[in-house]
Amino acid sequence: MQPAKVPRSPRVLILIDYINPLNFPGAEKLAKPALTAARATVRLRDVLQAQKVAVIYANDNYGAWQSDFQALVAQCCARDDISGEIARLIAPRPRDITLLKPRHSAFFCSALELLLTEMGARELILAGLATDMCVQMTAADAFLRGYEGVWVPSDCTAAETPQAKTASLKYMKDVLKCDVRSSRGAGK
């Protein structure tokens, strides 16, 4: 069997930690905002699909070094709570690329940088959980790597508190030079 070629995509949507059992301290505060952000992200993903923008899921391995992304998706989809609803809503499609990450940034100790180079990516769109942790760490690493543009749609991320989200978006805008405008109107 011939392996699938990596798609060329100068813009890439990276979905961070949406496939998540939400079983950590503070998750109860993150759950509802995460569902709202996931709904906005699915709308954005559909708009970007029409523009042929590739999608990469970068997800924690939760310390399970023999983990499998599809098994994680199945486990989360089977849950009868908000984490299951989010997973069923935003689960990867066959054409999407998935990778597991061991820490906060999607770049740290993962194949993301190599993958983005193979794709010819110059601009990144970051969405996911949590705004003030994994999304911000990924944005910082993208900034350090000199991507032409990083967009963090404000409505496509969630944090445990509105204050944490606001402060993180401000930091990403002011320091990391990210575009943090909402995804509303993205296809216009």
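Use the structure listed above.
These remarks concern the structure in this document. Every value quoted in this text rests on a predicted model; they were computed, and no experiment measured them.

### Here's the deal with the pairing of strand β1 (residues 11-16)
Stage number 1. Burial within β1 is extensive, with 5 of its 6 residues counted as buried.
Stage number 2. The sheet contact formed by β1 and strand β4 (residues 123-129) spans 6 bridges and is parallel. Its bridge partner lying in β4, L13 is registered against I125.
Stage number 3. Of the strand pairs in this sheet, β1 and strand β2 (residues 54-60) are connected by 5 bridges, and their pairing is parallel. Residue pairing in the sheet places V12 in a bridge with A54 of β2.
Stage number 4. Once you follow β1 into helix α1 (residues 27-50) and on to β2, the crossover reads as right-handed.

### Some thoughts on the packing of helix α5 (residues 131-144) against helix α6 (residues 162-174)
To characterise two packed helices, one gives the angle between the axes of the helices and the distance between these axes.
Stage number 1. The N-to-C vectors of α5 and α6 enclose an angle of 10°; their axes lie 10 Å apart at closest approach. One way to sum up the angle between α5 and α6 is to call them roughly parallel. Residues T131, D132, V135, Q136 and A139 of α5 form the contact with α6, whose participating residues are A164, K165, S168, L169, Y171 and M172.
Stage number 2. Within the contact of α5 with α6, the residues separate by chemical class into 6 nonpolar, 3 polar and 2 charged.

### Quick word on the packing of aromatic side chains
Stage number 1. Scanning all chains against the criterion turns up 2 aromatic pairs.
Stage number 2. Pairing Y57 with F69 gives two aromatic rings, centres 6.3 Å apart and planes at 75°, and the pair type is edge-to-face. Here Y57 is found in strand β2, whereas its partner F69 is found in helix α2 (residues 69-77), with 12 residues between them in sequence.
Stage number 3. Given a relative accessible area of 6%, F69 falls into the buried group.
Stage number 4. Here F107 and Y147 contribute two aromatic rings whose centre-to-centre distance is 6.2 Å and whose plane-to-plane angle is 40°, an arrangement assigned as tilted. One end of the pair, F107, is in the loop between β3 (97-101) and α4 (112-119); the other, Y147, is in the loop between α5 and β5 (149-151), with 40 residues separating them in the sequence.
Stage number 5. Overall, F107 belongs to the buried group, its relative accessible area being 4%.
Stage number 6. Judged by its relative accessible area of 17%, Y147 is buried.
Stage number 7. Above the face of the W151 ring, R181 is positioned so that its terminal group lies 4.2 Å from the ring centre.

### A few points about the layout of surface pockets
Stage number 1. Empty space within the largest pocket amounts to approximately 320 Å³.
Stage number 2. As for the largest pocket, its lining consists of 15 residues, and the residues nearest its centre are F24, D60, A130, M133 and C134.
Stage number 3. For the lining of the largest pocket, the leading source of residues is α5, giving 3 residues.
Stage number 4. Of the residues contributing to the lining of the largest pocket, the split by class is 7 nonpolar, 3 polar and 5 charged.
Stage number 5. One number sums up the size of the second largest pocket: a volume of about 200 Å³.
Stage number 6. The wall of the second largest pocket is formed by 13 residues, among which K52, V53, A54, V55 and R95 lie closest to the centre.
Stage number 7. A class-by-class count of the residues in the lining of the second largest pocket yields 5 nonpolar, 2 polar and 6 charged.

Reading the values: rules and limits
Residues numbered from 1 in each chain as written. Predicted model: local features only at pLDDT ≥ 70, side-chain atom pairs only at ≥ 80, totals over all residues. Heavy atoms only, no water. Buried < 20%, exposed > 50% of the residue type's maximum accessible area, 1.4 Å probe, protein only. Helix = DSSP H or I, 4+ residues; strand = E, 2+ residues; numbered from the N terminus. Pairing = 2+ DSSP bridges. Right-handed = clockwise from strand over helix to strand, strands pointing away. Axes fitted to C-alpha atoms, helices over the stretch in contact; angles between N-to-C directions. Parallel < 35°, antiparallel > 145°, perpendicular 65-115°, else oblique. Contact = heavy atoms within 4.5 Å. Nonpolar A, V, L, I, M, F, W, Y, C, P; charged D, E, K, R; others polar. Phe/Tyr/Trp six-rings, centres within 6.5 Å; stacked < 30°, edge-to-face > 60°. Lys NZ or Arg CZ within 6 Å of the ring centre and 35° of its normal. 1 Å grid on protein atoms, 1.4 Å probe; cavity = no way out; pocket = protein on both sides within 12 Å on 5 of 7 lines; lining within 4 Å. Points joined across faces, edges and corners; volume = space filled by probe spheres on them.

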